[in-house]
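# Chain and residue survey
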Amino acid sequence: MSRLVSFDDVREKARRKMPRFAFDFIDGGAGTETGLARNRTAFRERILEPRALINVDGELSTSTRFLGREWAAPFGIAPIGLAGLAWPGIDAFLARAAEGAGVPYCASTPATTQLETLRQVAPTNSWFQLYVGSSQDIVDDLIERAKNAGYDTLVVTADVPRPGKRRRDIRNGFALPLRITPKLVWDLACHPQWSMAVLKAGLPRFANLERYAKPGASTTSLASLMAKQSSGRLDWDLLAKIRKKWPGKLILKGILSPEDALMAVDHDVDAVVVSNHGGRQLDGAPATLHSLERVRQAVGSQFPLIVDGGIRSGEDVLKALQAGADFVLMGRPFLFSVAALGEAGASEALAMLQTELTNAMAQTGLRDVVDISR
Ligand code: FNR
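Now for a description of the structure that goes with this document.

Each value, and the rule that gives it
- Residues numbered from 1 in each chain as written.
- Predicted model: local features only at pLDDT ≥ 70, side-chain atom pairs only at ≥ 80, totals over all residues.
- Heavy atoms only, no water.
- Near = heavy atom within 4 Å.
- Polar contact = N/O pair within 3.5 Å; in protein donor to acceptor, adjacent residues only side chain to side chain.
- Areas by Shrake-Rupley, 256 points an atom, 1.4 Å probe, with all protein chains shown as cover.
- Helix = DSSP H or I, 4+ residues; strand = E, 2+ residues; numbered from the N terminus.
- Buried < 20%, exposed > 50% of the residue type's maximum accessible area, 1.4 Å probe, protein only.
- Lys, Arg positive; Asp, Glu negative; His and termini not counted.
- Salt bridge = Lys/Arg side-chain N within 4 Å of Asp/Glu carboxyl O.
- Contact = heavy atoms within 4.5 Å.
- Axes fitted to C-alpha atoms, helices over the stretch in contact; angles between N-to-C directions.
- Parallel < 35°, antiparallel > 145°, perpendicular 65-115°, else oblique.
- Left-handed = near helix turned anticlockwise from the far one by under 90°.
- Nonpolar A, V, L, I, M, F, W, Y, C, P; charged D, E, K, R; others polar.
- Arc of directions from axis to C-beta.
- Core = buried A, V, L, I, M, F, W, Y, C linked by side-chain atoms within 4.5 Å.
- Expected span 1.5 Å × (residues − 1).

### Concerning the site of the ligand
In the vicinity of the ligand lie 23 residues, with Pro79, Thr157, Asp308, Arg312 and Gly331 positioned nearest. Serine 275 has a polar side-chain atom sitting 3.5 Å from an oxygen atom of the ligand. In this structure, glycine 331 approaches the ligand through a main-chain N or O atom, which is 2.9 Å from an oxygen atom. Contact with the protein chains hides 98% of the accessible area of the ligand, taken as 610 Å² for the molecule alone. Broken down by secondary-structure element, the contributors of at least two residues to the shell around the ligand are helix 2 (20–27) and strand 5 (126–131).

So, in structure tokens, the structure goes:
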């Protein structure tokens, strides 16, 4: 029996289990966190209209055709850097669960497990997310590695021209390498289960990037290498070059304005993720659900759109689809599910979403998720 009742519950459980600096790194957003809250408010305030007397007995279908193939449901796992701070081994747990559930898992550039390993764990359902960092050689090599590992979908993240200013991280003194302060030691001592697990597995590492550091490089120089993975140099010319280099599907993540979405269409991008990086970059950014509606209007009904940010239930998934998305991604809920419940939390989270989505479909008279009218 699943122990998962809601993502609010697992967030609370994870909060108790994890050291504060690690929980805050995942949970927090930029600035006053008004933007972070705005994502959630938009979903809370959107209303679904129930429909009655439609026969919705039996199996309801959530399977979705997206980017040229079939998925079991219209949701997937967003790319998360440094996910190992939630629980050791989490990247592979999430990849395995997504492969089993028939939904996409997106491996991140700053993942704590190598992209090659994650592709092996999810050989048909994984995407690779690319940060265009300051070194073009590293960018080129990451693209080559993703190709060689067998990835068919590249997600280029466009919304990190600078690292976001996250006040919780600054207040907690969270930086890599971890600075051993009395506050940190106390934080770790108060969360022994997490601390023992991380001690046993070793602190999370930037597994994709280590090879670009000089042999024997200190954690400090690795951290500065990581800092250079967000750069402001990505522009439409560079995106066009990446498009030429990448033979598979290309997704552009972190678009909020209709003008940018139209530029993406012109640049032969296969899909756009309407995203504000989970409220972690620009506090004043619009709620993604609201941007989604404007972007959908601009690009027309056919262009593939994904949305993420603040989606926390099957009902939210349905709301996103009604507002114009073809597909949705979620980040924090999966991290907290594993932090709270261990490896099984990954599959339980996906299963709960599936059940909630079909329940919401039944309440709104939908037999098939593809019949959603926008
Ligand atoms: C992220 N996100 C992110 N995005 C990306 O393109 N590459 C990355 O490495 C990361 N890393 C990352 C770490 C953490 C801790 C979080 C919470 C988020 C953003 C992520 O892919 C996604 O856009 C948001 O998480 C979606 O919002 P929700 O579902 O977390 O509200």
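Structure shown, so let's carry the discussion forward.
### Topic: the side chain of arginine 166
Here arginine 166 is to be found in the loop between strand 6 (153–157) and helix 7 (167–172). At 4.6 Å, aspartate 169 is the nearest oppositely charged side chain to arginine 166, a buried residue that forms no salt bridge. Setting aside its immediate chain neighbours within four residues, arginine 166 contacts Phe25, Gly29, Ala30, Arg280 and Gln281.

### Some words on the packing of helix 6 (residues 136–149) against helix 11 (residues 236–245)
As a packed pair, helix 6 and helix 11 sit with axes 11 Å apart at the nearest point and diverge in direction by 30°. Comparing their axes, helix 11 and helix 6 come out roughly parallel. Crossing angle aside, the handedness with which helix 6 passes helix 11 is right-handed. Packed against helix 6, whose contacting residues are Gln136, Asp140, Ile143 and Lys147, the element helix 11 presents Leu238, Ile242 and Lys245 at the interface. Within the contact of helix 6 with helix 11, the residues separate by chemical class into 3 nonpolar, 1 polar and 3 charged.

### Some words on helix 1 (residues 7–17)
Among all positions of helix 1, only Phe7, Val10, Ala14 and Lys17 are buried. The buried residues of helix 1 occupy an angular sector of 80° when the element is viewed end-on, so they sit on one face. Facing away from the buried side of helix 1 by more than 90 degrees, the exposed set consists of Asp8 and Arg16. Turning to helix 1, the residues buried within the fold contact helix 2, helix 9 (192–201), helix 15 (332–341) and helix 16 (344–363). The backbone nitrogen of aspartate 8 has a side-chain oxygen 3.2 Å away, supplied by the residue at the start of helix 1, namely serine 6.

### So, the pattern of salt bridges
The full count for this structure, using the stated rule, is 18 salt bridges. Residues glutamate 12 and arginine 15 are paired through a salt bridge, measuring 2.5 Å at the closest nitrogen-oxygen approach. With glutamate 12 and arginine 15 both in helix 1 and 3 residues apart, the pair spans about one turn of that helix. Residue arginine 15 is classed as partly exposed on the basis of its relative accessible area, which comes to 38%. For the salt bridge of arginine 46 with glutamate 293, the shortest nitrogen-to-oxygen distance reads 2.9 Å. Here glutamate 293 lies in helix 13 (residues 288–299) and arginine 46 lies in the loop between helix 3 (34–45) and strand 1 (64–66), a separation of 247 residues in the sequence. On the basis of relative accessibility, which here comes to 33%, the residue glutamate 293 falls in the partly exposed class. Among the charged side chains, a network of salt bridges with common partners joins Arg11, Arg20, Asp24, Asp27, Glu33 and Arg168.

### Details of unusual backbone geometry
Here the residue pair leucine 176 and proline 177 is connected by a cis peptide bond, since its omega of -5° sits within 30 degrees of zero. On the secondary structure map, proline 177 appears in the loop between helix 7 and helix 8 (182–189). Here leucine 53, not a glycine, exhibits a phi torsion of approximately 55°, which is positive. Tracing the backbone shows leucine 53 in the loop between helix 3 and strand 1. Assessed through its relative accessible area of 91%, leucine 53 is described here as exposed.

### What about the nonpolar core?
By size, the foremost hydrophobic cluster in this structure holds 109 residues, and its most contacted members are Met18, Phe75 and Leu130. Ranked by the residues each element gives to this core, the list is headed by helix 16, at 8 residues. What phenylalanine 75 contacts, discounting residues up to four positions off in sequence, is Val103, Pro104, Val317, Phe327, Val328, Met330, Leu350, Leu353, Gln354 and Leu357. Grouped together as the second largest cluster of nonpolar side chains are 13 residues, Leu67, Ala271, Phe327 and Leu329 included.

### A short note on the environment of alanine 346
Checked against the element boundaries, alanine 346 lands in helix 16. In this structure alanine 346 comes out as buried when scored by relative accessible area, which is 1%. Spatially, the C-alpha atoms of alanine 346 and glycine 100 are 10 Å apart, while their sequence positions differ by 246 residues.

### Focus: helix 6
Over its 14 residues, helix 6 runs 20 Å from end to end, which matches the ideal 20 Å to within 8%, given 1.5 Å per residue. Listed in full, the buried residues belonging to helix 6 are Ile138, Val139, Leu142, Ile143, Arg145 and Ala146. Around the axis of helix 6, the buried residues are gathered within 160° of arc, so they sit on the same side. Looking at helix 6, the residues exposed on the side facing more than 90 degrees away from the buried face are Asp137 and Asn148. Positive backbone phi, approximately 105°, marks glycine 150, located one or two places after helix 6.

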